[in-house]
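For reference, the chains in residue letters:
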Amino acid sequence: MMHRMSRLVMPLAGVVRSRVTPVVMRAPLRMVPQKRDFFTIIEQYQRGVTFTLGRVTSVKGPGPRLQIPFIQEIAKIDIRTVVADLNKQEVITRDNVSISVDAIVYYRIVDAKIAVCSVEDIAKSVTDLAQVKVRELLSHSEVNQILHQREKFSSDIKESVKEMATEWGVEIVNVSLKDIKFDEGMSRAMAKKAEAERLREAKIIHADSEVQTAAKLLEAARVLEKSPAALRLRELDTLQQVAKETNHSTLFVPTSFMSGNVAQIMAYQDASTLTPATTGKRHAV
């Protein structure tokens, strides 16, 4: 009996093993296909460069566009104006002054096909080129020229960058020198120089005024010398101006001036009274 059961169990065990083992060893591998879209949407501010089997076939405008999976690919290019802030540029000018320049570049892509096929990274290429041109042009100029002709240097940098960027399908809109900084010692030196310049100009203006005043006084003296009456009127006007002051002043008048003219002087001085301090020689107002 036991012998028969063992003979029946052994075939069953073989059957079980033969059924289980193939299932484990022959499990199929699943292949997940790569997802490809038949349609793509190009925004209003974009252009789509279509590659068919690796070659550029067309440039598409905004809207829904059809592409054949595995055969075509559309590269979307942004044509809006980009503002690139250049890193702080350390420049040594022609007069051996170290300055730090901050600049901004405005550019946009005008030819999407050339931009895709000619340059790998448009943003990096434009900013690096602008940095080189900033250092190149400013290093051949003096500090005073850079400070007083900032717009001119901005225009020169723009034209220099524009020559090469045009070959990449990029238009340089503008280049601006945002800020120019000096170290602390140089700032103090420039402040002293500016103060000295202002002092020099003030002294020159004062000297010119002295020369002009002396010339006019000399001309007036010559006129008064030729006309005694005009000299007398000038003397009387001077006494009147002194008499208008509120303080008390003592004047020493020559005897020749007072002889025969005291009455005229008293009538001319209506603001105050002239009191003689001495007998014909000293008078107080």
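Look a little higher up for the structure.
Here the structure is a predicted model, which means the values were calculated and not measured. (Residues numbered from 1 in each chain as written. Predicted model: local features only at pLDDT ≥ 70, side-chain atom pairs only at ≥ 80, totals over all residues. Heavy atoms only, no water.)

1. Comments concerning unusual backbone geometry
Stage number 1. Residues other than glycine seldom take positive phi values, yet Leu-53 does so here, at roughly 55 degrees.
Stage number 2. Within the secondary structure, Leu-53 is located in the loop between strand 2 (46-52) and strand 3 (55-60).
Stage number 3. Taking relative accessible area as the criterion, Leu-53 reaches 67% and is therefore assigned exposed.
Stage number 4. A positive phi is found at Asn-96, a non-glycine position, where the angle reads about 60 degrees.
Stage number 5. In this fold, Asn-96 is placed in the loop between strand 7 (89-92) and strand 8 (98-109).
Stage number 6. Since its relative accessible area comes to 67%, Asn-96 is described here as exposed. (Helix = DSSP H or I, 4+ residues; strand = E, 2+ residues; numbered from the N terminus. Buried < 20%, exposed > 50% of the residue type's maximum accessible area, 1.4 Å probe, protein only.)

2. Some thoughts on the sheet that holds strand 2
Stage number 1. Spatially, the 3 strands line up as an open sheet ordered 3-2-5, and their pairing is antiparallel. The sheet is open, and its two borders are formed by strand 3 and strand 5 (72-78), each paired with just one other strand. Here the average twist between neighbouring strands, direction ignored, is 25 degrees.
Stage number 2. Where strand 2 and strand 5 come together, 7 bridges link them in antiparallel fashion. Bridge pairing in strand 5 links Gly-48 to Lys-76. (Pairing = 2+ DSSP bridges. Axes fitted to C-alpha atoms, helices over the stretch in contact; angles between N-to-C directions.)

3. Quick notes on the packing of aromatic side chains
How two aromatic rings sit relative to each other is set out by the distance from centre to centre and by the angle between their planes.
Stage number 1. Scanning the model with the defined rule gives 0 aromatic pairs in all.
Stage number 2. Here the basic side chain of Arg-80 rests over the ring of Tyr-45, its NZ or CZ set 3.8 Å away from the ring centre.
Stage number 3. One Lys or Arg, Lys-152, reaches over the ring of Phe-153 and ends 5.4 Å from the middle of that ring. (Phe/Tyr/Trp six-rings, centres within 6.5 Å; stacked < 30°, edge-to-face > 60°. Lys NZ or Arg CZ within 6 Å of the ring centre and 35° of its normal.)

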